[in-house]
Amino acid sequence: MGFIEQLRARWQASNSLVCVGLDPDPAKFPPMFAGRDDAIFEFCRDIVDATAEFACAFKPQIAYFAAFGAEDALRRLIAHIHDAHPGIPVILDAKRGDIGSTASMYAIEAFDRFGADAVTLNPYMGHDSAQPFLDRAGKGCVFLCHTSNPGAGDFQDLDFGGTPLYQHVAETIAADWNAHGNCALVVGATYPEELKAIRGIVGDMPLLIPGIGAQGGDVEATVRNGKSADGSGLMVNSSRGILYASNGGDYTIAAGWAAQTLRDEINRHR
Ligand SMILES: O=C(O)c1cc(=O)[nH]c(=O)n1[C@@H]1O[C@H](COP(=O)(O)O)[C@@H](O)[C@H]1O
């Protein structure tokens with residue numbers, strides 16, 4: 001089963017549109033992790049096991065592993081998700097994009113080295129930079145379209161013939177890059193009007209929505225403007241809001257509670 005089919009099946013099975021973001025920052029771990037050699041893996045594994053029931057996907061952010069030389073922890077974490085929670089797809093958040101020959105190495109890294117089911121990609125370098133990822137028909141290609149950050153509009157909102165650049169990105173990916181049906185887009189929860197416009201362009205293409213919680217995105221506006229015709233279509237990501245829901249010995253209970261609460265809040269507006 002390819003990434004998009006797996007995601008659709010998981011939306012159904014879990015009745016959840018929550019994507020649990022795995023951005024491990026050892027400085028924020030509960031004190032009992034201090035001095036542990038494998039703290040990054042162990043913390044993330046505990047969070048995964050506590051939240052899997054409420055997750056439609058997991059999204060590890062590669063920088064939080066690479067910064068600490070913990071790439072092997074990332075590989076083992078993705079293997080753990082697949083072994084312990086089969087059916088939950090893993091999106092490696094790496095925002096790759098480069099000339100084709102280099103991009104083909106990035107595709108090997110994401111899909112073969114780390115075993116991810118999908119990867120986030122930056123479309124700025126154009127079609128040939130995406131091709132090595134698009135060619136992996138069973139894997140998901142999740143392209144930045146309108147990001148969640150304050151500077152998102154610097155380039156993404158620029159006007160081209162009456163249409164902002166981010167809408168050109170959505171149109172081009174939906175019409176030209178999605179031949180294998182394995183594309184999805186990133187749209188920040190902090191830009192609900194842009195989210196509405198993108199949903200209107202891409203039909204039922206899955207959208208990864210970061211920016212809930214710590215970045216200030218609103219759940220109701222996200223779901224109202226972003227859901228597909230059948231009331232799904234979204235992977236609403238929360239990283240810090242789930243990972244660091246408690247800094248005490250109850251960190252797994254708090255993380256599970258945060259994921260369940262977000263799921264329920266999303267479902268109220270579907
Ligand atoms: O591609 C992403 O996941 C992403 C795109 C974007 O526009 N904004 C954004 O915040 N992200 C990622 O989503 C996560 C958001 O984390 P929290 O703000 O803690 O929920 C981080 O891993 C970001 O790197």
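Cut-offs used in this document
Residues numbered from 1 in each chain as written. Predicted model: local features only at pLDDT ≥ 70, side-chain atom pairs only at ≥ 80, totals over all residues. Heavy atoms only, no water. UniProt positions renumbered as here; feature names shortened; annotations may be inferred. Helix = DSSP H or I, 4+ residues; strand = E, 2+ residues; numbered from the N terminus. Near = heavy atom within 4 Å. Polar contact = N/O pair within 3.5 Å; in protein donor to acceptor, adjacent residues only side chain to side chain. Areas by Shrake-Rupley, 256 points an atom, 1.4 Å probe, with all protein chains shown as cover. Nonpolar A, V, L, I, M, F, W, Y, C, P; charged D, E, K, R; others polar. Contact = heavy atoms within 4.5 Å. Phe/Tyr/Trp six-rings, centres within 6.5 Å; stacked < 30°, edge-to-face > 60°. Buried < 20%, exposed > 50% of the residue type's maximum accessible area, 1.4 Å probe, protein only. Lys NZ or Arg CZ within 6 Å of the ring centre and 35° of its normal. Patch = residues over 30% accessible without salt bridge, like charges linked within 9 Å, V, L, I, M, F, W, Y side chains within 5 Å. Salt bridge = Lys/Arg side-chain N within 4 Å of Asp/Glu carboxyl O. Axes fitted to C-alpha atoms, helices over the stretch in contact; angles between N-to-C directions. Parallel < 35°, antiparallel > 145°, perpendicular 65-115°, else oblique. Left-handed = near helix turned anticlockwise from the far one by under 90°.

Caption draft 1: Focus on the UniProt feature "domain: Orotidine 5'-phosphate decarboxylase" (unreviewed entry) in the chain. The UniProt entry lists residues 17-255 under the feature "domain: Orotidine 5'-phosphate decarboxylase" (unreviewed entry), expressed in the numbering used here. Here residues 17-255 runs as 41% helix and 18% strand, with 16 Å between its end C-alpha atoms.

Caption draft 2: Structural view of the site of the ligand. In the neighbourhood of the ligand, 14 residues make up the surrounding shell, with Asp-23, Ser-148, Gln-215, Ser-239 and Arg-240 lying closest. One nitrogen or oxygen atom from the side chain of Lys-59 is found 3.0 Å from an oxygen atom belonging to the ligand. Contact distances for the ligand include 2.6 Å between an oxygen atom and a side-chain N or O atom of Arg-240. Within the complex, the protein chains bury 89% of what would otherwise be the 500 Å² of accessible surface of the ligand. Taken together, the elements giving at least two residues each to the shell around the ligand come down to strand E3 (91-96) and strand E10 (234-238). Residues of the shell around the ligand, tallied by class, amount to two nonpolar, seven polar and five charged.

Caption draft 3: Seen up close, the side chain of Ser-148. Note on placement: Ser-148 falls in the loop between strand E5 (140-146) and helix H7 (153-156). At 2.6 Å, the side chain of Ser-148 forms a polar contact with the side chain of Gln-215. Beyond its immediate sequence surroundings of up to four residues, Ser-148 is in contact with Gly-188, Thr-190, Tyr-191, Pro-210, Gly-211 and Gln-215.

Caption draft 4: Local environment of the packing of aromatic side chains. Inspection of the entire model under this criterion finds eight aromatic pairs. Here the aromatic rings of Phe-29 and Phe-43 are separated by 4.2 Å at their centres, their planes lie at 25°, and the arrangement is stacked. In this pair, Phe-29 is assigned in the loop between strand E1 (18-22) and helix H2 (39-51) and Phe-43 in helix H2, connecting sequence segments 14 residues apart. The same class applies to Phe-29 as to Phe-43, namely buried. Members of the aromatic cluster, connected to one another through ring pairs, are Phe-29, Phe-33, Phe-43, Tyr-244 and Tyr-251. The ring of Phe-33 carries Arg-36 above its face, with NZ or CZ at 4.3 Å from the centroid. Above the ring of Phe-41, the side-chain terminus of Arg-76 is found at 4.8 Å from the ring centroid.

Caption draft 5: Region of the structure containing the environment of Ala-130. In this structure, Ala-130 sits in helix H6 (residues 127-134). Once you skip the residues sitting within four places of it in the chain, Ala-130 turns out to touch Phe-143 and Trp-177.

Caption draft 6: Expanded view of a nonpolar patch on the surface. A cluster of nonpolar side chains, namely Ile-99, Tyr-124 and Met-125, defines an oily patch on the protein surface of about 360 Å² accessible area. Positionally, Ile-99 belongs in the loop between E3 and helix H5 (100-113). When its relative accessible area of 45% is taken as the criterion, Ile-99 is described as partly exposed.

Caption draft 7: Local environment of the environment of Cys-183. Position of Cys-183 relative to the elements: it lies in strand E8 (residues 183-187). For the pair Cys-183 and Ile-108, spaced 75 residues apart in sequence, the C-alpha to C-alpha distance is 18 Å. Aside from chain neighbours lying at most four places away, what touches Cys-183 is Ile-4, Leu-134, Cys-141, Phe-143, Ile-173, Trp-177, Asn-178, Met-205 and Pro-206.

Caption draft 8: Molecular detail of the packing of helix H8 (residues 165-177) against helix H9 (residues 192-202). Relative to each other, H8 and H9 sit at 25°, their axes nearing to 9 Å. By the criterion of interaxial angle, the relationship of H8 to H9 is roughly parallel. The handedness of the crossing between H8 and H9 comes out as right-handed. Touching Tyr-166, Gln-167, Ala-170, Glu-171 and Ala-174 of H8 are Glu-194, Ala-197, Ile-198, Ile-201 and Val-202, all from H9. The residue makeup of the contact of H8 with H9, split by class, is seven nonpolar, one polar and two charged.

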